[in-house]
Amino acid sequence: GTNFSVSSGVGFLALFGVCSGAIASADTWWHLATGRWIVQHHAVPHTDPFSFATAGKRWVAHEYLTDVLMFFLHRAGGFVAIAVANALLLTAAFAIVAHAARSSRWIAYAAAWFAALAARPAFALRPQSISLVFGATFLWIIREALRQHKPRWLIALPCLMLLWVQLHAGYLLGIGFLGLLLLSEVLDWLFKRGESTPREWLPLAAAGIACVAVVPMNPNGFTMLTFPFFVMRMKINQTILEWRSPNLHDPHLYPFVALAVVTLLALLVSRERYRPGQFVVYAALLAAAWASARNIPVFCLVAALLLAEHLRLPSSETISRKLSLRLRTVVAALVLGCAGYFCAHAAASGLAFQAMAEKNLYPRGAVSFVADHSLPANLLNDYTFGGYMIWRLYPEYQVYVDGRADLYGDEFLAQYVEIYNAERDPQPFLDRNRINTVVLSPSAGLTIILRMLTVQGGWKLEYEDPRAVIFIRTHPQ
């Protein structure tokens, strides 16, 4: 009991520290605005209310319940409340994996901490954090149901799925884990290395079918069955950083590379019985992380589990028996104190950075200028500014574009990228869309063109700071 409580307490604190550095992404803002819209209108939007370019177009607000929760958190405690809740979600995901591992609790939490550190560059204040918690819970339930031969535990999976699909389209992760673990059990059985029998696979397959069956039970109906696949097939993903293959030369990703290597070595030299299914799970999730950086945290979750179970060090019970009760108490207090200090320091640093994020990463001054000076609509904006501008300016202003790539589609975004990069004459585009105010990054190609057009008299530079520039038509349409 003491070992469990001390190791769990220390591990949880250490995990919270490493999980508390997530900051607001460009999408965080439109999630907040969506939550606010739902609370104000007492309904889930089915058409786009935020962009004048796509007004009335069908929109799948698949994260509607998370958006509402984020809005209430922000209203109660600002970004500090959202950041703390996000850190707790991420901590819970890796803590669940640590408790699911058949290993010393100390080793399990050490592996989970290593994995959280490796996943940290992909953390953000976004609904994906909720999917990690649900994914970890699915892993734990499936493994325990198979290990303890209690298929009735699998009944919990479709119940969880019913809630998950209201929170995030990442519900597909749960179905993916079901399929992967079923495949793993089949392979282990074929090689006579498995713990389950074909008789136990039927409840697992039935749970998977039940999970798929409850997906349409949401405000968007059957659309949610195909929506994740539609998003993954979008061509624009090739230009969005989180959807692209990770740059392994980035020093921030070195822990991820180290985790992948160490976990593979642990599998290869493990004293545990060789199980080919685990290598298939490892390879499939590593391939997913290699294909898209947004999948790195998913790989890290499972890598923590595999590493904890195959990394063999002296157990905490063996070490504890060699220490006197007084010395154990002192050691536990020191470790807990160090973990608490690390947690407090990391959390304080992360929250301090979060407090400065709006000023340093988003066009706060430019957006305030638009609001204060009642600049003419329609607004053409930088893609990364869109969510923030929705949060600050709606309903007085609608944006042209924001981070909801699934709403706009490939053709719309490809045209926008051409104009943004000044790959063709922007004037016909600006005239056709009756653009009267432009809010862009100073480095945008269109910014350079508009600076030239100010010389001709058609446009005027109205505002400029290191984050953004604002141009307005001299004769608004």
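Before reading on, note that the structure itself is shown above.
In short, a report on the structure. Because the structure is predicted, anything quoted here is derived from the model rather than measured. (Residues numbered from 1 in each chain as written. Predicted model: local features only at pLDDT ≥ 70, side-chain atom pairs only at ≥ 80, totals over all residues. Heavy atoms only, no water.)

This brings us to the packing of aromatic side chains. For the structure on display, the rule yields 23 aromatic pairs. Note on Phe138 and Trp164: the rings are 5.3 Å apart at their centroids and 70 degrees apart in plane angle, and the pair reads as edge-to-face. Here the residue Phe138 occupies a position in helix α5 (residues 128–147), and Trp164 occupies one in helix α6 (residues 156–167), the gap between them amounting to 26 residues. Feature note: the residues Phe52, Tyr400, Tyr408, Phe412, Tyr416, Tyr420 and Phe429 constitute an aromatic cluster, connected by ring pairs. Directly above the aromatic system of Trp243 lies the positively charged group of Arg294, at a separation of 4.3 Å from the ring centroid. Residue placement shows Arg404 over the ring face of Trp59; its charged tip is 4.7 Å from the ring centre. (Phe/Tyr/Trp six-rings, centres within 6.5 Å; stacked < 30°, edge-to-face > 60°. Helix = DSSP H or I, 4+ residues; strand = E, 2+ residues; numbered from the N terminus. Lys NZ or Arg CZ within 6 Å of the ring centre and 35° of its normal.)

With an omega dihedral of 5 degrees, the bond running from Ala377 to Asn378 counts as a cis peptide bond. Tracing the chain through its elements places Asn378 in the loop between α15 (364–373) and β1 (379–381). The peptide bond linking Tyr394 to Pro395 adopts the cis configuration, its omega dihedral lying at 10 degrees. Locating Pro395 in the fold gives a position in the loop between α16 (386–393) and α17 (405–420). Backbone geometry at His42 places phi at a positive 55 degrees, although glycine is not the residue there. For His149, which is not a glycine, the phi torsion comes out positive at approximately 55 degrees. With respect to the secondary-structure elements, His149 resides in the loop between α5 and α6.

It is the contact of helix α10 (residues 254–269) with helix α11 (residues 276–291), at a shortest axis distance of 11 Å, that shows an interaxial angle of 165 degrees. Classified by the angle their axes make, α10 and α11 are roughly antiparallel. When you trace α10 past α11, the crossing you get is left-handed. Counted together, Phe256, Ala260, Val261, Thr263, Leu264, Leu267 and Leu268 of α10 and Gln278, Phe279, Tyr282, Leu286 and Ala289 of α11 form the full contact between these two elements. (Axes fitted to C-alpha atoms, helices over the stretch in contact; angles between N-to-C directions. Parallel < 35°, antiparallel > 145°, perpendicular 65-115°, else oblique. Left-handed = near helix turned anticlockwise from the far one by under 90°. Contact = heavy atoms within 4.5 Å.)

This part takes up the sheet that holds strand β3 (residues 459–464). Spatial ordering of the open sheet is given by β1-β2-β4-β3, a layout of four strands whose pairing is mixed. Edge strands, defined here as strands with exactly one partner in the open sheet, are β1 and β3. Looking at each pair of strands side by side, their axes are set apart by 20 degrees on average, direction ignored. Summarising the sheet, β3 and strand β4 (residues 469–473) pair through five bridges and their orientation is antiparallel. Paired with Glu464 across the strands is Val469, a residue of β4. The strands touched by helix α19 (residues 445–456) within the sheet are β1, β2 (437–440), β3 and β4, with β3 carrying the most contacts at an inclination of about 125 degrees. (Pairing = 2+ DSSP bridges.)

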